[in-house]
Amino acid sequence: MSNRGGKNRGRNNWNHGGGRKFYDGPANNNYSEHDDRMERDRDRKVTDVKRRVSFKPFNGGRNKGGVKITDMQIRAHLEDDDRMGHAAGGDGFDGERRTFKKGFKGRRRGSPVPRGPMSSGPVFRKKLVPGPTGWFEVKIPYGHKYEKEFILRSLVQAISPLIFIPQYWKVEDTAVSFYIEDFPAAEALQKVDRTIDLPDGRKMIVIVRNSNPQFQVNAQLKERMKLAMVKRYNPTTKALNLEKFHTDPDLSDIFCALFRPQIMLAAFDVIKDNIPDLEALNLNDNKLHMVDHFKVLAQKMPNLKILYLANNKIPYVASLDSLKALSLVEINLEGNPLKDRIKDQTVYISEVRKRLPKIIKLDNIDLPPPIGFDVPEDDHKLPSAKASFLCDTAGAGIVRQFLEQYFMIYDSDNRQPLLEAYHEHAMISMTVFNSPSQSSQQRLQSYLTYNRNLTSKRDLDTRCRFLKMGRLPVVSFLSELPNTKHDPQTFVVDLTLFTPQLILLTVTGVFKERKLAVINEPYRSFQRSLVIVPSGSGFCIRNEMIHINNATRIQEEKAFKDPTSNGFQSTAAVAPPPASVAPVAPITAVPPVVGGPDDNTKLQMVQAMAAHSNMNLEWSRKCLEETNWDFERAGFAFTELHKQNRIPPEAFVKN
């Protein structure tokens, strides 16, 4: 009784103490204390086993019994489950593609990846992008178990009606891979991942990613390129056709795509060593998206005249800057994005010719001959600078006399006689540059009122208001400007056009304003562009543009330093000029010759008379003969008779 009571008390204490009751069988009074101990030992052993199982990382993977569970055993365990999932048609897990987006936030770090309903979601794949090169790698894990024909046939059937051309087939470890260059086919292959049944009941894993085939530029690659170029070269026309070079049958087992700069440079080296006199090169359909490395073409192929780059990926017309050193006469750029960016064909041709000025054929279309100036290569020196430029030395005297008389009146106290210097429908405008940083004395306040700078006067009404039209408004405008004194020693005259019907000249120089009670009169620089036309027996101004600016320090140091040059004499010191001063008589260029001129001089005098009078050579000679070859008398006679309309019309008829 004492033993039974002790056992009952022990059992009650065990149960009440919170211990787990693993077995609760029917009441049985036939037991012994040995059985009770055995039961307690068995319960304790089960409890110890349960407590030993742990995946906590802090104990180094060892349980309390000292047994270490290695990573290899865990991976093997997971692979077994993965194979079972494949056999059942499930997704399983692949070491390269295991991605979990949701559902595992509460998982303890270091514990194995759970399996079951949570892991049966879709596999997330990296999105493909249609890059400029367009190459994609297709990888089949465990594909070494199956025949190449079976794999390709299964893939083609899965993406039908799309097709693809596998290139550079390779077996590496347990996986097979190949490359394609078709974006729609690559997308379709990515979508058939784990949808194709394999003979062993699994699903085919198809991994597709953007990737270019691996390559190595070495002597072997250059030798293979050389052999492929032999059959593509035409020695008669000195032309090499490298169109779709990477698809050449002789290069099917080696990656030789010219869009890779290293491979293209290697091709240039092969051409330089074997075809140094190459004149035409076809690079169509090679997926070229950058041509910066084409700068070496001028050294590698100095005789290159024709270059085809059609159906490539060249993005901008500015990319052609790398071809500037070439003397190309023909280029083909059809099928490139750069052409789609420029809608206007005229602008497109202009932009190409900026880089390649000698082009006469563009995109298989003949262009008009380029307008340019070929400078000899051995002449690199600029011509020496000249103070003035005269397109015709015969106009030097006329221009000098015209400017002297004009500025003599302009620097006087009365500018009204300038009415004779301007055409009835003359036009004049003024622009002024005035810097805010200048002192009050330097500022051009007197001229800003008339400033017609088109960058500031944008509306049409204002521009028209500041444009003076007509003889009286022009002279009235000039009379309102400050009194001046010009230094003729600073004048620079450019006579750019000199004909009997039109004279175009530009004069620049320095003047100072004559202001009362001002000791240091401000210096100004000017530029006046004049369009001069014949008027009666002289000339007058038809159009004039004036620009006023402050004189530079160098101009101030040189101006009015010659004591003999104190500006043009004013009308107070000399008699006023006649009313016809501005229309200068142009026929004073050839002085009379004492004793009679020789035949050569007579011919020059006839040509000069014809140029100044606008008569034909016959009547010019007659006029000189009747005045005994006195050029001045002949000019005077012509002027007087022309005023009286006594010269017949046939005198002005030229053959």
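None of these values were measured; they are calculated from a predicted model.

Considerations on the overall build of the chain
At step 1: On a plain count of helices and strands, the chain comes out with 18 helices and 18 strands.
At step 2: Out of the 655 residues belonging to the chain, those deemed buried represent 35%.
At step 3: Considering only contacts in the chain between residues 6 or more positions apart, those separated by 24 or more positions represent 66%.
At step 4: Within the structure as shown, the chain displays about 39800 Å² of accessible surface, and the carbon and sulfur contribution to it stands at 53%.

A short note on the nonpolar core
Soluble globular proteins tend to bury their nonpolar side chains together.
At step 1: By size, the foremost hydrophobic cluster in this structure holds 52 residues, and its most contacted members are Leu281, Leu283, Phe294 and Leu323.
At step 2: The set of elements that each furnish at least two residues to this core consists of helix H6 (219-230), helix H7 (261-274) and helix H10 (345-355).
At step 3: No other element matches the seven residues that H7 contributes to this core.
At step 4: Leu283 has contacts with Leu242, Leu258, Met264, Leu288, Phe294, Leu307, Tyr308, Leu309 and Asn312, leaving out every residue within four places of it along the chain.
At step 5: Counting 38 residues, the second-largest nonpolar core is a separate cluster that includes Tyr410, Val475, Phe477 and Phe498.

A short note on the sheet that holds strand E7 (residues 280-282)
At step 1: Reading across the sheet, the seven strands line up as E5-E6-E7-E8-E9-E10-E11 and stay open at both edges, with mixed pairing between neighbours. Each edge of the open sheet is held by one strand with a lone partner, namely strand E5 (233-234) and strand E11 (365-366).

So, the pairing of strand E17 (residues 523-535)
At step 1: In the sheet, strand E16 (residues 503-513) pairs with E17 via 10 bridges, with the strands oriented antiparallel. Following the sheet pairing, Thr508 is matched in E17 by Gln527.
At step 2: Hairpin remark: E17 followed by strand E18 (residues 538-550), antiparallel, with two residues in the connecting loop; positive phi at Gly536, about 65 degrees.

A short note on the pattern of salt bridges
At step 1: The final tally for this structure, using the stated rule, is 19 salt bridges.
At step 2: A salt bridge links Lys222 to Asp269; the shortest N-O distance between them is 3.7 Å. Taken together, the residues Lys222 in helix H6 and Asp269 in helix H7 connect sequence positions 47 residues apart.
At step 3: With a relative accessible area of 22%, Asp269 lands in the partly exposed category.
At step 4: The salt bridge partner of Arg553 is Glu557, with a shortest N-O separation of 3.0 Å. Here Glu557 and Arg553 lie together in helix H15 (residues 553-558), a separation of four residues that amounts to about one turn.
At step 5: Among the charged side chains, a salt-bridge network with shared partners connects Asp321, Lys324, Glu351, Lys354 and Arg355.

Side note on the sheet that holds strand E4 (residues 207-210)
At step 1: Ordered in space as E2-E3-E1-E4, the four strands form an open sheet in which the pairing is antiparallel. The open sheet has two edge strands, strand E2 (167-172) and E4, and neither has a second partner. Averaged over all pairs of adjacent strands, the angle between strand axes in this sheet comes to 20 degrees, irrespective of strand direction.
At step 2: As paired strands, strand E1 (residues 136-140) and strand E3 (residues 175-180) are joined by five bridges and run antiparallel to one another. Bridge pairing in E3 links Phe136 to Ile180.

Topic: helix H18 (residues 631-643)
At step 1: Between its terminal C-alpha atoms H18 stretches 18 Å, which fits the 18 Å expected from 13 residues at 1.5 Å a residue.
At step 2: All buried positions along H18 are accounted for by Phe631, Ala634, Gly635, Phe638 and Thr639. Buried residues of H18, viewed axially, fall in a sector of 135 degrees; they line one side. Of the residues in H18, the exposed ones pointing more than 90 degrees away from the buried face are Glu632, Phe636 and Lys643.
At step 3: On its buried face, H18 is in contact with helix H16 (599-613) and helix H17 (617-626).
At step 4: Taken from the residues just after H18, Asn645 is the one with a positive phi, measuring 55 degrees.

Focus on unusual backbone geometry
At step 1: The omega angle of the peptide bond from Ser160 to Pro161 is 15 degrees, so this bond is cis rather than trans.
At step 2: Along the chain, Pro161 turns up in the loop between helix H4 (148-159) and E2.
At step 3: Although it is not a glycine, Lys238 adopts a positive phi angle of roughly 55 degrees.
At step 4: Structurally, the position occupied by Lys238 is in the loop between E5 and strand E6 (239-241).
At step 5: When its relative accessible area of 28% is taken as the criterion, Lys238 is described as partly exposed.
At step 6: The backbone phi angle of Trp629 is positive, close to 55 degrees, even though this residue is not glycine.
At step 7: Looking at where Trp629 falls in the secondary structure, it is placed in the loop between H17 and H18.
At step 8: When its relative accessible area of 10% is taken as the criterion, Trp629 is described as buried.

Quick notes on H16
At step 1: The terminal C-alpha atoms of H16 lie 21 Å apart, and with 15 residues this matches the ideal 21 Å at 1.5 Å per residue to within 8%.
At step 2: Of the residues making up H16, those classed as buried are Met605, Val606, Ala608, Met609, Ala610 and Ser613.
At step 3: The inward-facing, buried residues of H16 contact H17 and H18.
At step 4: Just past H16, the residue Asn614 takes up positive phi, approximately 70 degrees.

Thresholds, definitions, all that
Residues numbered from 1 in each chain as written. Predicted model: local features only at pLDDT ≥ 70, side-chain atom pairs only at ≥ 80, totals over all residues. Heavy atoms only, no water. Helix = DSSP H or I, 4+ residues; strand = E, 2+ residues; numbered from the N terminus. Buried < 20%, exposed > 50% of the residue type's maximum accessible area, 1.4 Å probe, protein only. Contact = heavy atoms within 4.5 Å. Areas by Shrake-Rupley, 256 points an atom, 1.4 Å probe, with all protein chains shown as cover. Core = buried A, V, L, I, M, F, W, Y, C linked by side-chain atoms within 4.5 Å. Pairing = 2+ DSSP bridges. Salt bridge = Lys/Arg side-chain N within 4 Å of Asp/Glu carboxyl O. Axes fitted to C-alpha atoms, helices over the stretch in contact; angles between N-to-C directions. Expected span 1.5 Å × (residues − 1). Arc of directions from axis to C-beta.

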